[in-house]
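What follows is each chain in one-letter form.
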Amino acid sequence: MNLDDSRFQASESVEPTRICVIGAGYVGLTAAACLSELGHEVRCVEVDATRLAALARAEIPIYEPGLDELVTRHTSSGRLTFTDDMASAMDGVSVALLCVGTPPRSDGEPDLRQLGRAATAAAAAATSDVALVVKSTVPPGTCEALELFVGGHAPDGLRVRVVSNPEFLREGRAVWDFFHPDRVVVGADDSDLARVVAGLYPSSWPLVACSRRSAELVKYASNTFLAVKISFANEVAALCEALGAETDKVLGGVGLDARIGGAFLNPGPGFGGSCLPKDLSGFIAVAESAGRPSEVARAAQRANDTALITLAAKIESALGSLEGRTIAVLGLAFKAGTDDTRFSPAVALVRELEKRGAHVRAHDPIARVAEPGVHQVADPYEAAHGAEALVVATGWEQYRELDPLRLREAMSGHVIMDAVGVLAIEPLRDAGFDLYGIGRGLVTSFAPVLWRPLEWMLDAGQPSGVANP
Ligand code: UGA
């Protein structure tokens, strides 16, 4: 990423503030680096010793375009420091950002223990009144509960208040997103406090100031809506396939309606990552506990599970059977542009194909899957060697450049499933491949429902003629 495109405009000044950022994961590290770029003095607390040692050498433990440059610049300028010592990090600080993980529990509800621990430690180390700003995604009501939870831990005479300021960054585009936000959401129970937190960002950025539980719900509802959009796109794609309609044109045509918008209408193996699936489950759980179950959210979740199974079944049907067959899977990251494989549909697909008897050889340009049983190779042609089918499961641009003739030579079969729509169709067809995709049918598919509209045109028992509209 060209940083000049992604950083803020120098004219957008902010009042420099000393900030403590707790947690140097995707959210915390991006926030820390970008806030220091905005002019703040940022102390970032990280308890993981290996990660901390890497950061001290300005090595970025995650793949995030543009982030390494910002971290290097501001560790050199002294505006960004890393430590595992909460006491020194909180010294003289009145704003601390909580950026720890809220992973899903087995029942779908978020595990808030890291948040509780981080907030308690920050409150205990406070040397002045402090605002704990929750950046992590949490269910509505969490900030209020957290304020009660940590209240007794602050040194005598000091007040700890909790503010919600959810993060809307996408992995792989986090630095860009930070400096080009659609909105900054600040939920506080006090307008002065809201102003302090909003003042961390340039005043030209669109601001939604609201209550804490509203801010928390903006984040949950946004991610849930994105999940609903993707699941709907996957269902429309399946319908296109059944009807013989052109998926690209249909979803493209739908997305051109400004009220709908084309983003997040790309069909694929289903949504994954550490956010959409988790926040959808969280939203469902919160809606249920509030006595307002969300049928729409539940349906999006079911449709997402169906998308992956349908994809595996389609590959199986293209090959006849998966028992003992060798399949190349290209892509393991949950989406292109990241090395993150958490809740990756690509990894889930590998598992599903193996469950159905296939031997899978996988490739990803940067993601590495640590789990045993995933056979990963360093080169896409090596993955393709001897394979009867090849599946593109993550939309890396470089897969577009694959040489069809080299693939044809490497593979023993001629089936390609492009689950993410990155491949150019014609050159592969010219090289002799049968190319399938999401919303693109098997070679045997036909449009079986022509008789329905015909039937509806017939007005049985009535004299023929054209009725007035
Ligand atoms: C998501 C949201 O987009 C961010 O706004 C939010 O801040 C973040 O979660 C979070 O809660 O922290 P992210 O998980 O990085 O960001 O990834 P997305 O770009 O949203 O993609 C999520 C999944 O949806 C991926 O598996 C992707 O391949 C899939 N997707 C996305 C589709 O299948 N089709 C689409 O059209 C778009």
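About the cut-offs
- Residues numbered from 1 in each chain as written.
- Predicted model: local features only at pLDDT ≥ 70, side-chain atom pairs only at ≥ 80, totals over all residues.
- Heavy atoms only, no water.
- Helix = DSSP H or I, 4+ residues; strand = E, 2+ residues; numbered from the N terminus.
- Contact = heavy atoms within 4.5 Å.
- Near = heavy atom within 4 Å.
- Polar contact = N/O pair within 3.5 Å; in protein donor to acceptor, adjacent residues only side chain to side chain.
- Areas by Shrake-Rupley, 256 points an atom, 1.4 Å probe, with all protein chains shown as cover.
- Nonpolar A, V, L, I, M, F, W, Y, C, P; charged D, E, K, R; others polar.
- Domains from an automatic or database assignment.
- Buried area = accessible area lost by both parts, 1.4 Å probe.
- Salt bridge = Lys/Arg side-chain N within 4 Å of Asp/Glu carboxyl O.
- Core = buried A, V, L, I, M, F, W, Y, C linked by side-chain atoms within 4.5 Å.
- Buried < 20%, exposed > 50% of the residue type's maximum accessible area, 1.4 Å probe, protein only.
- Pairing = 2+ DSSP bridges.
- Expected span 1.5 Å × (residues − 1).
- Axes fitted to C-alpha atoms, helices over the stretch in contact; angles between N-to-C directions.
- Left-handed = near helix turned anticlockwise from the far one by under 90°.
- Phe/Tyr/Trp six-rings, centres within 6.5 Å; stacked < 30°, edge-to-face > 60°.
- Lys NZ or Arg CZ within 6 Å of the ring centre and 35° of its normal.

A. Representation of the environment of glutamate 354 within the structure. Note on placement: glutamate 354 falls in helix α14 (residues 345-355). Not counting the four nearest positions on each side in its chain, glutamate 354 is found in contact with Val360 and Gly373.

B. Here's a closer look at the site of the ligand. Neighbouring residues of the ligand: 19 residues in total, closest Phe168, Leu169, Glu171, Lys219 and Asn223. At 2.7 Å from an oxygen atom of the ligand is found a main-chain nitrogen or oxygen belonging to glutamate 171. Backbone polar atom of asparagine 266 to a nitrogen atom of the ligand: 2.9 Å apart, as the coordinates give it. In isolation the ligand offers 710 Å² of accessible surface; the protein chains occlude 88% of this area. At the level of elements, α10 (212-243) and α12 (276-289) are the ones that each hand at least two residues to the shell around the ligand. If you tally residues by element for the shell around the ligand, the top one is α10, at four residues. A class-by-class count of the residues in the shell around the ligand yields 10 nonpolar, three polar and six charged. For the shell around the ligand, the two domains that each supply at least three residues are domain 1 (5-210) and domain 2 (225-437).

C. A look at the domain arrangement of the protein chain. Assigned domains of the protein chain: these are domain 1 (5-210) and domain 2 (225-437). Here the C-alpha centre of domain 2 lies 33 Å away from the C-alpha centre of domain 1. Residue-level contacts link 15 residues of domain 1 with 16 residues of domain 2. With both chains or domains summed, domain 1 and domain 2 bury close to 1,100 Å², and 59% of this area falls on carbon and sulfur atoms. Looking only at domain 1, the three residues that lose the most surface to domain 2 are Tyr63, Pro104 and Glu171, adding up to 45% of its buried area. Along the contact surface separating domain 1 from domain 2 lie one salt bridge. Taking the shortest distance from any N to any O, the salt bridge between arginine 342 and glutamate 171 comes out at 3.6 Å. Summed over the shared surface of domain 1 and domain 2, the number is four residue pairs in polar contact (both at pLDDT 80 or more). Its residues assigned to classes, the side of domain 1 that touches domain 2 comprises eight nonpolar, four polar and three charged.

D. Inspection of the nonpolar core at higher detail. Counting 43 residues, the largest nonpolar core has Leu35, Leu97 and Phe178 as the members making the most contacts within it. Counting residues per element, this core draws most heavily on helix α2 (residues 26-37), at seven residues. Those residues in contact with leucine 35, other than ones at most four positions away along the chain, are Ile19, His40, Val42, Leu97, Phe178, Leu200 and Tyr201. Residues Leu349, Ala362, Val374 and Tyr436 belong to the second largest nonpolar core, which totals 28 residues.

E. Just the sheet that holds strand β14 (residues 434-437), in detail. The six strands are arranged β11-β10-β9-β12-β13-β14 in an open sheet whose pairing can be described as parallel. The sheet is open, and its two borders are formed by β11 (376-377) and β14, each paired with just one other strand. Bridge count for strand β12 (residues 389-392) against strand β13 (residues 415-418) is four bridges, and the pairing is parallel. Of the residues in β13, the one forming a bridge with alanine 389 is valine 415.

F. Highlighting α12. With 14 residues, α12 should reach 20 Å at 1.5 Å per residue; the first-to-last C-alpha distance of 20 Å fits that figure. Of all 14 residues making up α12, 11 are buried, and the element is well covered by its neighbours. What α12 keeps buried is the set Leu276, Pro277, Lys278, Asp279, Leu280, Ser281, Gly282, Phe283, Ile284, Ala285 and Ala287. Tucked into the core, α12 has its buried residues touching α10 and α13 (295-319). Positive phi appears at glycine 291, one or two residues downstream of α12, with a value of about 75 degrees.

G. Seen up close, the packing of α12 against α13. With their axes 9 Å apart at the nearest point, α12 and α13 run at an angle of 145 degrees to one another. The crossing of α12 and α13 is left-handed. Contact residues: α12 offers Leu280, Ser281, Phe283, Ile284 and Glu288, while α13 offers Ala297, Arg298, Ala300 and Gln301. Within the contact of α12 with α13, the residues separate by chemical class into five nonpolar, two polar and two charged.

H. Up close: the packing of aromatic side chains. Scanning the entire structure with this criterion turns up four aromatic pairs. Between phenylalanine 178 and phenylalanine 179 the ring centres are 5.2 Å apart and the planes differ by 75 degrees, which places this aromatic pair in the edge-to-face class. Each member of the pair, phenylalanine 178 as well as phenylalanine 179, is classed as buried. Measuring from centroid to centroid gives 6.2 Å for phenylalanine 178 and tyrosine 201, while their planes differ by 55 degrees, and the two rings are tilted. Separated by 23 residues along the polypeptide, phenylalanine 178 in helix α8 (residues 174-179) and tyrosine 201 in the loop between α9 (191-198) and β8 (207-210) bring together distant segments of the chain. Of the two residues, phenylalanine 178 and tyrosine 201, both sit in the buried class. Among the aromatic residues, those joined into a cluster by ring pairs are Phe178, Phe179, Tyr201 and Trp205. Above the face of the phenylalanine 168 ring, lysine 219 is positioned so that its terminal group lies 5.7 Å from the ring centre. Arginine 406 extends its terminal NZ or CZ atom over the ring of tyrosine 381, reaching a point 3.7 Å from the ring centre.

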